[in-house]
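# Report on the structure
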Amino acid sequence: MIKIMGIAVFGLIGVTFIVMGFIKSDTTAIGSGFVILGVPVLIVLASTVFRKHFDTEESGRFGLGVLAVMVSGQKLSPSSRLEILDSEAACLFSTGDYKSAAEAGKQALKVAEEISGPDHPDVARSLGNLGMAHIALRQYAQAEPLYRRALTILEKAFGPDDANIAACLNRLAEIHVNRGQYAQAEPLCKRSLATLQKTLGPDHPEVATLLENMAELYRKMDGRRVKAQALTKMAANIRGAAH
């Protein structure tokens, strides 16, 4: 049986572009949406004709190939190509097809660089999306330089105090934790926390989430359980105050 999420990836992208096209009176976006919407139909037809049942990853690869043909066409503007690839990467990631998400993310990064140059915040977003796919694939050596580059771009564009910078720092910390490099993760977490508290306020739910993540980090480190308990209590107080 073909997995519903594998088909829904491209149906969702197609519907999104059709709606955006009508809102913006953009006939190119509407046409692109209908083309993308046809991908699930092609998957079903291929399954019937060849008597093959596609799983989520296979559906992702199939759709990726169809979209690659469409995106390479001359009728789509660079910005439309980027929107398609970003949406595709996000949807593939949400289905658990991280390999295909990484491929789409690489294409999106290339287009973003072509449109805006190598140091634009839109490039940082594409770097982060690609980095998430590599983290999910446990490819930490590939993910870390992507987030390092994104961090440099964001700091140059927005200064040190920005919520996107906090998110980037948190991802870098996650990479170090997954590698067992707890000492390297700690200063990244502390800086991310300080940035979130300054940009979102000390009682924001995202601050509570980061405190919980830091508490988990300290539980893994020798002699830091008291600190972990204190951070857990701080997070609980924030969540309690929100209700």
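Here we summarise the structure given alongside this text. Remember, predicted model here, so these are calculated numbers, not experimental data.

This part covers the overall build of the protein. Within the protein, the secondary structure is distributed over eleven helices and zero strands. Scanning the protein from its N terminus toward the C terminus, one meets helices and strands in the order α-α-α-α-α-α-α-α-α-α-α. Taking all 243 residues of the protein together, 42% fall into the buried category. Pairs at least 24 residues apart make up 59% of the contacts formed inside the protein by residues separated by at least 6 positions.

Let us now look at the environment of A141. Here A141 lies in helix α7 (residues 140-158). Spatially, the C-alpha atoms of A141 and R179 are 9.9 Å apart, while their sequence positions differ by 38 residues.

In terms of nonpolar packing, the biggest core is built from 50 residues, with L127, L211 and M214 touching the most fellow members. Of all the elements in the fold, those that place two or more residues in this core are α4 (78-95), α5 (98-116), α6 (121-136), α7, α8 (163-178), α9 (182-200), α10 (205-220) and α11 (225-241). Setting aside residues no more than four positions away along its own chain, L211 makes contact with L193, L231, M234, A235 and I238.

For the rest of this paragraph, the subject is the pattern of salt bridges. If the charged atoms of two oppositely charged side chains come close together, the side chains can form a pair. The tally for this structure, following the rule as stated, stands at 13 salt bridges. Where E186 meets K190, a salt bridge forms, and the shortest distance between an N and an O atom there is 3.4 Å. Taken together, the positions of E186 and K190, both in helix α9 and four residues apart, correspond to about one turn of that helix. Residue classification places E186 among the buried residues on the basis of a relative accessible area of 11%. Here K190 falls in the partly exposed class, since its relative accessible area comes to 44%. For the salt bridge of R219 with E216, the shortest nitrogen-to-oxygen distance reads 3.2 Å. Taken together, the residues R219 and E216, both in helix α10 and three residues apart, mark about one turn of the helix. One salt-bridge network, in which partners are shared between bridges, spans E144, R148 and R179.

In this section: the packing of α6 against α7. Contact geometry of α6 with α7 gives a least axis separation of 8 Å together with a crossing angle of 155 degrees. It follows from the interaxial angle that α6 and α7 lie roughly antiparallel. The hand of the α6/α7 crossing is left-handed. Contact with α6, carried on its side by P121, V123, A124, L127, G128, L130, G131, M132, H134 and I135, involves Y140, Q142, A143, L146, Y147, R149, A150, I153, L154, A157 and F158 of α7 and no other residues of that element. Residue composition of the contact of α6 with α7, by class: 16 nonpolar, four polar and one charged.

Relative to the 22 Å expected for 16 residues at 1.5 Å per residue, α6 spans 23 Å between its end C-alpha atoms, a close match to the ideal helical length. Within the sequence span of α6, burial applies to V123, A124, S126, L127, G128, L130, G131, A133, H134 and I135. In the core, the buried residues of α6 are packed alongside α4, α5, α7 and α8.

Taking 1.5 Å per residue as the helical rise, α9 with its 19 residues ought to reach 27 Å, and the 26 Å between its terminal C-alpha atoms agrees with that figure. Residues of α9 that are buried include every one of A185, E186, L188, C189, S192, L193, T195 and L196, and no others. Here the buried face of α9 lies against α8 and α10. One or two positions beyond α9, positive phi appears at G201, with a value near 100 degrees.

Moving on, we get to the side chain of S192. Looking at where S192 falls in the secondary structure, it is placed in helix α9. Among residues more than four places away in sequence, those in contact with S192 are A166, L169, N170 and L210.

With phi around 60 degrees, R138 is a residue other than glycine that occupies positive phi space. Tracing the sequence through the fold places R138 in the loop between α6 and α7.

Its location among the elements puts M234 in helix α11. The spatial distance from the C-alpha of M234 to the C-alpha of E212 is 8.8 Å, given a sequence separation of 22 residues.

Scoring rules and cut-offs
Residues numbered from 1 in each chain as written. Predicted model: local features only at pLDDT ≥ 70, side-chain atom pairs only at ≥ 80, totals over all residues. Heavy atoms only, no water. Helix = DSSP H or I, 4+ residues; strand = E, 2+ residues; numbered from the N terminus. Buried < 20%, exposed > 50% of the residue type's maximum accessible area, 1.4 Å probe, protein only. Contact = heavy atoms within 4.5 Å. Core = buried A, V, L, I, M, F, W, Y, C linked by side-chain atoms within 4.5 Å. Salt bridge = Lys/Arg side-chain N within 4 Å of Asp/Glu carboxyl O. Axes fitted to C-alpha atoms, helices over the stretch in contact; angles between N-to-C directions. Parallel < 35°, antiparallel > 145°, perpendicular 65-115°, else oblique. Left-handed = near helix turned anticlockwise from the far one by under 90°. Nonpolar A, V, L, I, M, F, W, Y, C, P; charged D, E, K, R; others polar. Expected span 1.5 Å × (residues − 1).

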